[in-house]
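Architecture at a glance
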Amino acid sequence: MSCPRSRYLFFLLFPFAASAQRPVAPAQLPHPTETRQAYQASLTQFRQGHPTRFAVPDLSFFLFGMGDRLKLIYRSGRLLNALTGNIEEQWTVKKEVIVPSEYTVHLDLADEPGQPPRSVQIREDEQGVWVLQPGKRPRLIPGTRRPLTLPRFANQPFGPVLRVLHHEVLINISAGRPLPNFMVYTRPRYRDAALMAMVLRETGNLGLIRDWIMALRDPLDRYQDMTGADNLGQVLFLVSLVSDKTHPVVAVALDSARRAIPTPAEHGVYQTTWMNFGLASLGLPNPYPVPRQTDSYASLCWWARTDEPVPGPPVSAADRERYPYLAWASDHVRSRTGNRQKLAPVGTADYPLSWEAQTRDAHYPGLTVLDKGLVKQKLAVLNAWQAAEMFLAITQP
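Residues numbered from 1 in each chain as written. Predicted model: local features only at pLDDT ≥ 70, side-chain atom pairs only at ≥ 80, totals over all residues. Heavy atoms only, no water.

1. Topic: the confidence of the model for the protein
Selection criterion: As a per-residue measure, pLDDT tells how confident the predictor is, with possible values from 0 to 100. Should any heavy atoms of two residues lie within 4.5 Å, those residues are considered in contact.
With 90% of its residues at a pLDDT of at least 70, the protein reaches an overall mean of 90. Within the model, pLDDT remains below 50 along residues 1-21, and this stretch shows two contacts once partners closer than five positions in the same chain are excluded.

2. Brief notes about the pairing of strand β5 (residues 87-90)
The following threshold applies: Note on pairing: two strands pair once DSSP finds at least 2 bridges between them. Every helix listed is a DSSP run of H or I at least four residues long, and every strand listed is a run of E at least two residues long, numbered separately from the N terminus.
Two elements, strand β4 (residues 78-81) and β5, share three bridges in a ladder whose sense is antiparallel. Residue pairing across strands places Arg-78 opposite Gln-90, the latter belonging to β5. Count of turn residues in the β4/β5 antiparallel hairpin: five residues, of which Gly-85 carries a positive phi of about 85°.

3. Observations regarding unusual backbone geometry
In this model, Tyr-351 is joined to Pro-352 through a cis peptide bond whose omega is -5°. Checked against the element boundaries, Pro-352 lands in the loop between β13 (346-347) and β14 (355-357). The residue Ser-60 is not glycine, and still its phi comes out positive at about 50°. One can find Ser-60 in the loop between β1 (53-54) and β2 (61-64). Positive phi, close to 55°, is recorded for Ser-76, a residue that is not glycine.

4. Concerning the packing of helix α3 (residues 159-170) against helix α4 (residues 190-203)
Note the threshold: Every angle, taken between N-to-C directions, lies between 0 and 180 degrees, and every axis is a line fitted to C-alpha atoms, over only the stretch in contact when it is a helix. In these notes the angle categories are as follows: under 35 degrees is roughly parallel, over 145 is roughly antiparallel, 65 to 115 is roughly perpendicular, and the rest is oblique. Note: crossing handedness is left-handed where the near helix turns anticlockwise from the far helix by less than a right angle, and right-handed where it turns clockwise. Under the scheme applied, nonpolar residues are Ala, Val, Leu, Ile, Met, Phe, Trp, Tyr, Cys and Pro; charged residues are Asp, Glu, Lys and Arg; polar residues are all the others, including Gly.
In contact at an axis separation of 10 Å, α3 and α4 are set at 120° when each is read in the N-to-C sense. When the interaxial angle is binned, α3 and α4 end up oblique. For the element pair α3 and α4, the recorded crossing hand is left-handed. For the pair α3 and α4, the contacting residues are His-166, Val-169 and Leu-170 in the first and Met-196, Val-199, Leu-200 and Thr-203 in the second. Of the residues assigned to the contact of α3 with α4, the class counts are five nonpolar, two polar and no charged.

5. Brief notes about the sheet that holds β2
The sheet built from four strands is open, its strands ordered β2-β3-β4-β5 with antiparallel pairing. The sheet is open, and its two borders are formed by β2 and β5, each paired with just one other strand. Shown here is a sheet whose adjacent strand axes are inclined to one another by a mean of 20°, direction ignored. Two strands pair when backbone bridges link them, and β2 and strand β3 (residues 72-75) are joined in this way by four bridges, in the antiparallel orientation. Within β3, the residue paired with Phe-64 across the bridge is Leu-72.

Here you go:
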């Protein structure tokens, strides 16, 4: 029988042994030209099926720090703290290649007299965010060592596009909270969180928000009052992913629903469908019939409705641009009822693929660290709800 103290010393010393065996980067880093071309080809094919475009500024940046990792922005030779603007690293760059689907930025550095050409890669993987230089050991950026599951989606159509959409969901998880956009929101919205959670469930990353769900006590996210009671069904669904009907927020949500759901509301179809979906997810009885009324949100419930949606006005052209997640959800419903018309927009930039504009709840000055022009436009590039809707439209057609 081995000595318990020996086993203790083995596990204590193992991280240092593993670190000592970390491989040295090759003398020449592989150039990501081919993977960049593969991503662009996948994105081009994806756009062919979605002809509507939205002009997203091409800012040539990339965000690192998925999940609870330190949030970083690469742009113009600098690696910045995305929340403070502090410069973490910087290089004098001759050429940069950003490959969103590989979570990689490749930099060819400016030549130095008498020195061979130099290059650097910043790369994020399932273990953390790394800085790679030829002939040197990979260097993990402090604050980024958090495990994630990052599938390649090799058997899915548009696998490289799915990798980017998955990134745009994961990057907006901060301190265990699923945010619509971590730069302009400080609190989760339950609606966005529910769709994000569907992606996390599919990719094996629900653990990232489990503690946040378990700590929920308020059935409303406080972006809306009881007249927007779709929160009640959303919180029940979220609880079903990590717990059961004994979770403390369930009783509060059920009591609130008895007062709110039967009350006529503008989006009565939408909120009642969410309530029924949440109840079914927890295995609870459903006492609320979906009202027969016109509801402009009735055509968003692809995750629960398989019949013909209750008639309602389509998502307006302006709302498709400002709130593209509405259009993506509506397209998803129509595709399931035989209508293949694609109205949801796809952005013109290769990265990011999601956005939200001109909302009253967003604090747009948070985008200053990325680009002051976005603040003036009230355009939050990256939006987790839209990224989730696009991801799920591909994986759950």
